Amino acid sequence: MPEKRIQSAGQMKRALNRISHEILERNGGVSDVVLVGMHSRGVPLAKRINDSILGFEGQCIEVGSLDIGLYRDDIFEKGTPRMRPTNIPVDINGKRVILVDDVLYTGRSIRAAMDALNDLGRPGQIQLAVLIDRGHRELPIKANYVGKNIPTANNEHVHVYVEDIDEIEEISLVKY
């Protein structure tokens, strides 16, 4: 099926800048805040949020990466997960951890990420930033920061392409 572009690279950048401002406002700055990108596209998005905040505030936030492969509840259905490194450069105990992902759908990946984070420490708070919220939640999970809400049907998928991984930068909607 053909893909329909729903957001350009420039629109993605503006959404990430807005999310960055909202993070600063909600947390009163960057003290005790850690960004944790979920593999794979959440990692470059977390780095971009950090770059944006650095541009606004002149301060960096620690940025980590999180693999949730072994925490997924569909591990037996999908076979052996592709493992990627988890790298969180600071102790997350008592910190405000902001999970970053590209698309929020059922909420199951976020639940897995929270389980993984809790195995690494006890954050004081976990917040969620997503570029796209497409609805259809199966778990009571809601993002604190959303770049764009895109209502979808169950037979549609949202593909986020980031230049760091895909060589193009856009968000597309595909019907299956």
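Quick note: structure is the one above.
Right, let's walk through the structure included here. Predicted model, so just to flag it, every value in this text is computed and none were measured. (Residues numbered from 1 in each chain as written. Predicted model: local features only at pLDDT ≥ 70, side-chain atom pairs only at ≥ 80, totals over all residues. Heavy atoms only, no water.)

1. A short note on the sheet that holds strand E1 (residues 3–8)
Pairing is antiparallel across the open sheet formed by three strands, whose spatial order is E1-E8-E7. Across the chains shown, the open sheet's two edge strands, defined by having one partner strand only, are E1 and strand E7 (156–161). Neighbour-to-neighbour, the strand axes of the sheet open up by a mean angle of 25 degrees, direction not taken into account. For E7 and strand E8 (residues 170–175), the ladder comprises six bridges, and the chain directions are antiparallel. Directly across from His159, in E8, lies its bridge partner Ser172. Packing of helix H1 (residues 9–27) onto the sheet brings it into contact with E1, E7 and E8, and relative to E1 it is tilted by some 45 degrees. (Pairing = 2+ DSSP bridges. Helix = DSSP H or I, 4+ residues; strand = E, 2+ residues; numbered from the N terminus. Axes fitted to C-alpha atoms, helices over the stretch in contact; angles between N-to-C directions. Contact = heavy atoms within 4.5 Å.)

2. Examining the side chain of Glu170
One can find Glu170 in strand E8. Despite its burial, Glu170 pairs with no opposite charge, the nearest such side chain being Arg5 at 4.1 Å. Within the structure, Glu170 has its side chain in polar contact with the side chain of Ser172 (distance 2.9 Å). Aside from chain neighbours lying at most four places away, what touches Glu170 is Arg5, Gln7, Met12, His159, Val160 and Tyr161. (Buried < 20%, exposed > 50% of the residue type's maximum accessible area, 1.4 Å probe, protein only. Lys, Arg positive; Asp, Glu negative; His and termini not counted. Salt bridge = Lys/Arg side-chain N within 4 Å of Asp/Glu carboxyl O. Polar contact = N/O pair within 3.5 Å; in protein donor to acceptor, adjacent residues only side chain to side chain.)

3. Things to note about unusual backbone geometry
Among all residues save glycine, negative phi is the norm, and among peptide bonds the norm is trans. The omega torsion of the bond from His39 to Ser40 falls at 5 degrees, within 30 degrees of zero and hence cis. One can find Ser40 in the loop between strand E2 (33–38) and helix H2 (42–57). With a phi close to 70 degrees, His136 is a non-glycine residue in the positive phi region. Phi is positive for Glu167, which is not a glycine, with a value near 70 degrees. Along the polypeptide, Glu167 turns up in the loop between helix H5 (163–166) and E8.

4. Thoughts on H2
Over its 16 residues, H2 extends 22 Å from the first C-alpha to the last, a length consistent with the 22 Å expected when each residue adds 1.5 Å. Those residues of H2 lying buried are Gly42, Val43, Pro44, Leu45, Ala46, Ile49, Asn50, Ser52 and Ile53. In this structure, the buried side of H2 is in contact with H1, E2, strand E3 (62–66), strand E4 (96–104), strand E5 (125–133) and H5. Looking one or two residues past H2, Gly58 carries a phi angle of roughly 75 degrees, positive in sign. (Expected span 1.5 Å × (residues − 1).)

5. Remarks on the packing of aromatic side chains
Evaluated as defined, the whole model comprises zero aromatic pairs. Residue placement shows Arg134 over the ring face of Tyr105; its charged tip is 3.8 Å from the ring centre. (Phe/Tyr/Trp six-rings, centres within 6.5 Å; stacked < 30°, edge-to-face > 60°. Lys NZ or Arg CZ within 6 Å of the ring centre and 35° of its normal.)

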